[in-house]
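Letter by letter, the chains look like this.
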Amino acid sequence: MIPQAFIDTLLQRVDIVELVGSYVQLKKAGINYSGLCPFHTEKSPSFTVSASKQFYHCFGCGAHGTAVGFLMEHLGLSFPQAVEDLARRAGLEVPQEQASESDKAASAAQRDQRVRLMDCTLQAAKFYQRRLKESPQAIDYLKRRGVTGEIAKRYHLGYSPEGWQPLQSVFADYEQADLVDAGLVIASHDESGKSKRYDRFRNRLMFPILSARGEVIGFGARTLGSDEPKYLNSPETPLFSKGQNLYGVFEGRTSIREAGQVWVVEGYMDVVALAQHGLGHAVATLGTATTEQHLRMLIRMADQVVFMFDGDAAGQRAAAKALEISLPFATPKTTFKFVFLPNQHDPDSFVRESGAQALLDHVAAAPPLSSFLWTQSVADQDLATPEGRAAASVEVRRLLGLMPATELKLQIAQSCAKRLECDLASLGVSASVTRSPGSAHSERPNRGDFANRSSAHRSDHRPNNRPADRLTDGRPAWVPGYGQRERMERRPVRRPIPSLSDRLMQILVRQPQRAGSLQPEVLATLTPAQQALVQWVRGQPGRSFASLHEAALAAAGTQDSSGWGADGPDQQLDVSPAALFQRYAQPEITLDDLMAQDQSDLVQTEWDRAASGLLLRDLQARATSLAKSLGAGQVASPERLSELRDLQAKIAELKQSLMQ
Ligand SMILES: [Zn+2]
């Protein structure tokens, strides 16, 4: 847990104008700064950054928050990651509560080592990149694969020369342990017991693997000769772990936002080839099955995750595994697709043979998670027989058990039950207990005390580090012109930000005690269903999130027999407070992160700004319609003119209080 006092100090030390300014072009406007909102597409600036308040606020889409919130939303970092990133910019060290002196010393040593290793990998990456130009063989290989210089540069591709110790020309001390620890050099002994050292990567096309922040943490490498193995990765090092990292995350982040989806493929060459065809939103697992950590990264990046597999038996097995890993994360908001390529094809060969549009069509036609779950469950079963249906229902039950309790799970259960001619209960989804045991993620919405989750979050809390060649704003400083081009092209369509009223409701269900103090003017701006939800919560004073959530689940259960149709959630036009409660109780990464970290100040800020934003929007709408009616040829009565002036004054006042 990061102490609140440190967050406060950090937010005082960091200049949000400078931070946001490194991603968004800002212009001074009065005492604030404004620019085009990075969170929604717009032509005239409604995005404002306040230097005095150290906040950003968008009058267009309602995005708002502190420097920490900006990094979380914009780069998709978790709360601890965002804090670390900011601390690094401010030259501060993130303190660990309750850490013993020896723990502190150990983590300081770890941090120092990471900094040194990161310097080694960065120097090596620069060396390999320089050598690419001098290798006709490597260039020829890329040309044959249709990879242009531009894409090679975007992915920082390189070439590791032949010979045993090419890196000796880069590192003055070739004997240093850091080179071995960084996975660049192999130390072994010859027959006579004499120690010898040599470069791990020789005569290979090099694919630097970057962290989400743009640091070089490892390498993938493809042989250009006849050496085995054909593909070789960095070993597990203090910087790099294949179960925790994905290839192409940093390079693809703009395209992923624009596409609103992320594709998961197997090889780095697939990622590069897809980017070459304008499909820059792919990432690759590094020779390993998809892990839970991968999934957490992926759902931070986009709401739709598309897994792509070869059409052979190995691809089928990999897909079955990916399905199981994905189920705990499947909600109506986060969707998964499972795409199988025609036999003998990988994404690289497919896109080169058939083109980008054919692949996009293929992805669009692929079944969603619900269909894939069904086909996986009934594979090899004869549904015409009771035996076949029973076997299938056992498998459906097992897979459903991995899913969090959401409308999606209910819908899938309902449709499977119909096809298997059984009831919901025999699929383990009873009307009142739609929760699944055993999966950490699925318990999230039912956990009253979000702070309990902080131990889970600690695992992705990596030590603070300061690479020697500083990657100040998350871009590799060593690629000339990289930042410039990207800044100009950047017009991300991001993960949709919850609307102001949705945000207010998300906080309200998690902290039901707030219902009592919601101002009537704010309440009046909500939809009738949302107002009913507020009244529903107010009608049960003193109850915690967990206990209300139980009640909501039970109420939705009674609705089960009558309300839930097989036609999908869209049919439910008239949403009950209990159903709405469940919807808003669904995991919301940014908010849940703040609550898990007990950042009550930041939650309060989110709440205040959502409420003020709603009021502001309401006043603006009234002012606009009044101004319209006055402009429509009617004689403007002094009363109406002064009413308009009052409204405009209130708007100005509210805007000011929001930003200053
Ligand atoms: Zn906006």
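Remember, predicted model here, so these are calculated numbers, not experimental data. (Residues numbered from 1 in each chain as written. Predicted model: local features only at pLDDT ≥ 70, side-chain atom pairs only at ≥ 80, totals over all residues.)

K.L.:
Any chance you could explain the overall build of the protein chain here in plain terms?
P.N.:
Of regular secondary structure, the protein chain possesses 27 helices and 15 strands. When the 660 residues of the protein chain are sorted by exposure, 42% land in the buried category. A sequence separation of at least 24 residues applies to 68% of the contacts in the protein chain between residues at least 6 apart. (Helix = DSSP H or I, 4+ residues; strand = E, 2+ residues; numbered from the N terminus. Buried ≥ 20, exposed ≤ 12 C-beta atoms within 10 Å, placed from the backbone. Contact = placed C-beta atoms within 7 Å.)

K.L.:
Would you take a moment to explain the sheet that holds strand β1 (residues 27-29) for this structure?
P.N.:
Strand pairing in a sheet takes place through backbone hydrogen bonds and is either antiparallel or parallel in direction. Ordered in space as β1-β2-β3-β4-β5, the five strands form an open sheet in which the pairing is antiparallel. Two strands in the sheet have a free side with no partner beyond their single neighbour: β1 and β5 (64-65). Pairing geometry for strand β4 (residues 55-58) and β5, over two bridges, is antiparallel. Paired with Y56 across the two strands is G65, which belongs to β5. (Pairing = 2+ DSSP bridges.)

K.L.:
Hey, could you run me through unusual backbone geometry in this one?
P.N.:
For residues that are not glycine, phi is negative in most cases, and the peptide bond is trans in most cases. Across the junction of E228 and P229, the peptide omega takes the value -10 degrees, indicating a cis bond. Residue placement: P229 occurs in the loop between β10 (216-223) and β11 (231-233). Positive phi is not limited to glycine here, since N203 has a value of about 50 degrees. Tracing the sequence through the fold places N203 in the loop between β8 (195-199) and β9 (204-210). Using a count of 20 C-beta atoms within 10 Å as the deciding quantity, one classes N203 as buried. We note that D380 has phi near 65 degrees; this positive angle belongs to a residue other than glycine. Secondary-structure assignment places D380 in the loop between α15 (369-378) and α16 (386-400).

K.L.:
What's the story with the environment of V272 in this structure? I'm lost.
P.N.:
Structurally, V272 is set in helix α10 (residues 268-276). When the 27 C-beta atoms within 10 Å are taken as the criterion, V272 is described as buried. In this structure the C-alpha to C-alpha distance between V272 and R145, which are 127 residues apart in sequence, comes to 9.8 Å. If we ignore the near neighbours within four places in the chain, the residues touching V272 are V147, I151 and Y155.

K.L.:
Can you walk me through the nonpolar core in this structure?
P.N.:
The tendency in soluble globular proteins is for nonpolar side chains to be buried as a group. Judged by nonpolar contacts, the single largest core of 98 residues is most densely connected at V264, V271 and F307. It is helix α5 (residues 101-132) that contributes the most residues to this core, eight residues altogether. Shared between two domains, this core holds at least three residues of each, these being domain 2 (104-233) and domain 3 (253-366). If we ignore the near neighbours within four places in the chain, the residues touching V271 are Y247, G248, V265, A282, V283 and A284. Listed in part, the 37 residues of the second largest apolar core include F47, A67, A87 and L602. (Core = buried A, V, L, I, M, F, W, Y, C linked by C-beta atoms within 7 Å. Domains from an automatic or database assignment.)

K.L.:
How do you make sense of the sheet that holds strand β6 (residues 158-160) when you look at a structure like this?
P.N.:
Here four strands make up an open sheet; going across it, the order is β6-β9-β10-β11 and the pairing antiparallel. The two strands at the open ends of the sheet, each matched to only one other strand, are β6 and β11. Averaged over all pairs of adjacent strands, the angle between their axes in this sheet comes to 35 degrees, without regard to strand direction. Alignment of β9 against β10, held across seven bridges, turns out to be antiparallel. Across the sheet, residue I209 finds its bridge partner in β10, namely G218. (Axes fitted to C-alpha atoms, helices over the stretch in contact; angles between N-to-C directions.)

K.L.:
What should I look at first to understand helix α4 (residues 79-90) in this one?
P.N.:
Here α4 contains 12 residues, and its C-alpha end-to-end distance of 16 Å stays within 8% of the 16 Å for a straight helix at 1.5 Å per residue. Of all 12 residues making up α4, 10 are buried, and the element is well covered by its neighbours. All of the buried residues along α4 are F79, P80, Q81, A82, V83, E84, D85, L86, A87 and R89. (Expected span 1.5 Å × (residues − 1).)

K.L.:
Sorry, what's going on with the environment of G516 here?
P.N.:
Tracing the sequence through the fold places G516 in the loop between α20 (500-510) and α21 (520-523). Between the alpha carbons of G516 and V537 there is a distance of 8.8 Å; along the sequence they are 21 residues apart.

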